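Observations on the model geometry
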Amino acid sequence: MLIDSSGLSKVKDSVREKIFFGHEPSAELIAILSVYFVQGILGLARLAVSFFLKDELLLSPAEVSAMLGVVAIPWMIKPLFGFMSDGLPIFGYRRRPYLILSGILGAIAWVSMSTIVHSRLAATAAIALSSLAVAVSDVIVDSLVVERARVESQADAGSLQSLCWGATAFGGLVTAYFSGMLLEHFTTRTIFLITATFPLIVSGVAWLIAESPVNKDTNDPHNANSLSVKHQLQQLRQAVSQKTIWLPAAFVFILQATPTAESAFFYFSTNELHFEPEFLGRVRLVTSLASLSGIWIFQRFLKSVPFRIIFGWSTVISAVLGMTMLLLVTHTNRSLGIDDRWFSLGDSLILTVMGQIAYMPVLVLAARLCPPGVEATLFALLMSVFNLAGMVSYEVGAIIMHWLGITESNFDSLWILVIITNLSTLLPLAFLSWLPKDDTQAETLPNEPFLSNLILPEPESQVIE
């Protein structure tokens, strides 16, 4: 049977346009997308880590929250990894060796979790090493995408970065349900061992990255490392000294640094409500889909709404909806005839949609603050500020949990924590004037190609993935 070459060509064109957004599916593009996909699929161990810390290491909610703040440190120094990659080539290459190394470090971290980790200090070190591995690979692939985006049209650049985000989102969706379901059949250490295979994919596909060795000839214009870094630092210093940049950055810090009750709710869900891992996997799947819905709602209806309006209303609505958790922690939902599981699913869905809508303007704002010439470096710095705020959020939350006496079995004061965390989210409203107005937003639109890339983290604050 002969294959119609014209029909095959149409299929290839359709795949290129609809799946790869018009980009040729080269080996290098597949490699880049694979790294982003691995970032998402590492979420397979997310619930396993939580149960491991709770059941095997017997950490309290406050201790877990404090640990999550510590292991987020690699995400706060991401610009350093960028400078190292640019200025310190390994065997003459700036990208490929760092990807290989990050994959090996990630595998070592998860193998350690599955074998030799038996103490809190060892667990903190292993999870931090995994966080470091993902942060390094994220910096490298981001730089690869930025390099390729510079030689493309604005529309193509945005589609390339959207394609990369889609790979991460797909990886997260694939493992959202299985992260809980597998815990019904395997131990946490077995899941850690399975997870250890994924970072090796990064090391493997790194060889597909097209990269020429650095020419050591100082007359080579492509080898002006020290000059480039010095120039970047000068531009960075000039940028962050501008009030139009550091004031919005300070607002984002305050917005993200409010205390979180995430660890306490995990213990409440498992020890008090007796939710099984499989059900928690369903919750993760629902929240992953809800997050995508929030992104779609923002892109479809709210993209052109002024920052101050979006931040103001999303903050107020999220705080009000967050108070509905009082019904769950006081078991009032049961007297209303609402099952704990259905209430938890519905509440998680709504709060995640609102949370993603509130999160998107942070990313858009970060992109629009970046002046031409220092976009990637300043964006990495702004994201480091964002992640630093996340660490503060976890640590302050840990202090409040300890102060309220919330433990793995005592949730009498959890309702107070709910009130404190939700009311604290209203604090940024006092600083809305620090955000740019409509006319200043318009002036920064030339940096729009970076907007798609901003959707990626993410999940950056979820360091245990």
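Residues numbered from 1 in each chain as written. Predicted model: local features only at pLDDT ≥ 70, side-chain atom pairs only at ≥ 80, totals over all residues. Heavy atoms only, no water.

**Describing helix α3 (residues 46-56)**
Among the eleven residues in α3, nine count as buried, and that is most of the element. Residues of α3 that are buried include every one of Arg-46, Leu-47, Ala-48, Val-49, Ser-50, Phe-51, Phe-52, Leu-53 and Lys-54, and no others. (Buried < 20%, exposed > 50% of the residue type's maximum accessible area, 1.4 Å probe, protein only. Helix = DSSP H or I, 4+ residues; strand = E, 2+ residues; numbered from the N terminus.)

**What to know about a nonpolar patch on the surface**
Together, Val-70, Ile-73, Ile-77, Leu-80, Met-84 and Leu-88 line one region of the surface with nonpolar side chains, adding up to about 470 Å² of accessible area. Its location among the elements puts Leu-80 in helix α6 (residues 78-87). A residue is classified by how much of its surface remains accessible, and Leu-80, at 44% relative accessible area, is partly exposed. (Patch = residues over 30% accessible without salt bridge, like charges linked within 9 Å, V, L, I, M, F, W, Y side chains within 5 Å. Areas by Shrake-Rupley, 256 points an atom, 1.4 Å probe, with all protein chains shown as cover. Salt bridge = Lys/Arg side-chain N within 4 Å of Asp/Glu carboxyl O.)

**A closer look at the confidence of the model for the protein**
In the predicted model, the protein carries a mean pLDDT of 81, and 79% of its residues have values of at least 70. Note that pLDDT drops below 50 for residues 439-465; the model gives that stretch 74 contacts with residues more than four away or on any other chain. (pLDDT = per-residue confidence, 0-100. Contact = heavy atoms within 4.5 Å.)

**Considerations on the packing of helix α2 (residues 27-41) against helix α11 (residues 197-205)**
It is at 9 Å that the axes of α2 and α11 come closest, and there the two elements cross at 170°. Here α11 runs roughly antiparallel to α2, going by the angle between their axes. Crossing geometry of α2 relative to α11 is assigned as left-handed. From α2, Ala-31, Ser-34, Val-35, Val-38 and Ile-41 reach across to α11, where they touch Phe-198, Pro-199, Ile-201, Val-202 and Val-205. Of the residues belonging to the contact of α2 with α11, the class tally is nine nonpolar, one polar and no charged. (Axes fitted to C-alpha atoms, helices over the stretch in contact; angles between N-to-C directions. Parallel < 35°, antiparallel > 145°, perpendicular 65-115°, else oblique. Left-handed = near helix turned anticlockwise from the far one by under 90°. Nonpolar A, V, L, I, M, F, W, Y, C, P; charged D, E, K, R; others polar.)

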